[in-house]
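A closer look at the structure
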Amino acid sequence: MVEIDCLGEICPVPVMMLKKHQQAIRSGEKVLLVTDHSCARKSITEYCNKANLHCSIQEVINGVWEISIEANLPD
């Protein structure tokens, strides 16, 4: 699993950092992106929807989210 630390980073940096790992995700790698910027939840979700990736978001402590990203499985 690739871990991306985006603590302290504001949009669009989390999406840009995620894009760097898109090929690895398509190859089956999972990514865990950690952010403390609430707007990143929406921007990462929108990016994943457009890129046909699956993401799930969990607030692990107040104001800090872990976003898991992986390739969508084919139907």
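So, here's what we can say about the structure. Bear in mind that the values here come from a model prediction, so they are computed numbers and not experimental data.

Some remarks on the pattern of salt bridges
- As enumerated under the stated definition, the model contains two salt bridges in all.
- Close ionic contact of E70 with K30 constitutes a salt bridge, the shortest N to O distance being 3.8 Å. Of the two residues, E70 is situated in strand β4 (residues 64-71) and K30 in the loop between α2 (22-26) and β2 (31-35); the sequence distance between them amounts to 40 residues.
- Overall, the relative accessible area of 42% leaves K30 in the partly exposed class.
- The closest approach of N and O atoms between K42 and E46, which form a salt bridge, is 3.9 Å. Taken together, the residues K42 and E46, both in helix α3 (residues 38-50) and four residues apart, mark about one turn of the helix.

Some remarks on a negative patch on the surface
- Together, E3, D5, E9 and D36 give the surface a local cluster of negative charge.
- For D5, the location among the structural elements is in strand β1 (residues 2-6).

Re the pairing of β1
- Side chains V2, I4 and C6 of β1 all project onto a buried face; the interleaved residues E3 and D5 project onto a face where none is buried.
- In terms of strand pairing, β1 meets β2 through five bridges, oriented parallel. Counted as the bridge partner of I4 is L33 from β2.

About the thresholds
Residues numbered from 1 in each chain as written. Predicted model: local features only at pLDDT ≥ 70, side-chain atom pairs only at ≥ 80, totals over all residues. Heavy atoms only, no water. Salt bridge = Lys/Arg side-chain N within 4 Å of Asp/Glu carboxyl O. Helix = DSSP H or I, 4+ residues; strand = E, 2+ residues; numbered from the N terminus. Buried < 20%, exposed > 50% of the residue type's maximum accessible area, 1.4 Å probe, protein only. Patch = residues over 30% accessible without salt bridge, like charges linked within 9 Å, V, L, I, M, F, W, Y side chains within 5 Å. Areas by Shrake-Rupley, 256 points an atom, 1.4 Å probe, with all protein chains shown as cover. Lys, Arg positive; Asp, Glu negative; His and termini not counted. Charge placed at Lys NZ, Arg CZ, Asp CG, Glu CD. Pairing = 2+ DSSP bridges.

That's the geometry; what it means functionally is another story.
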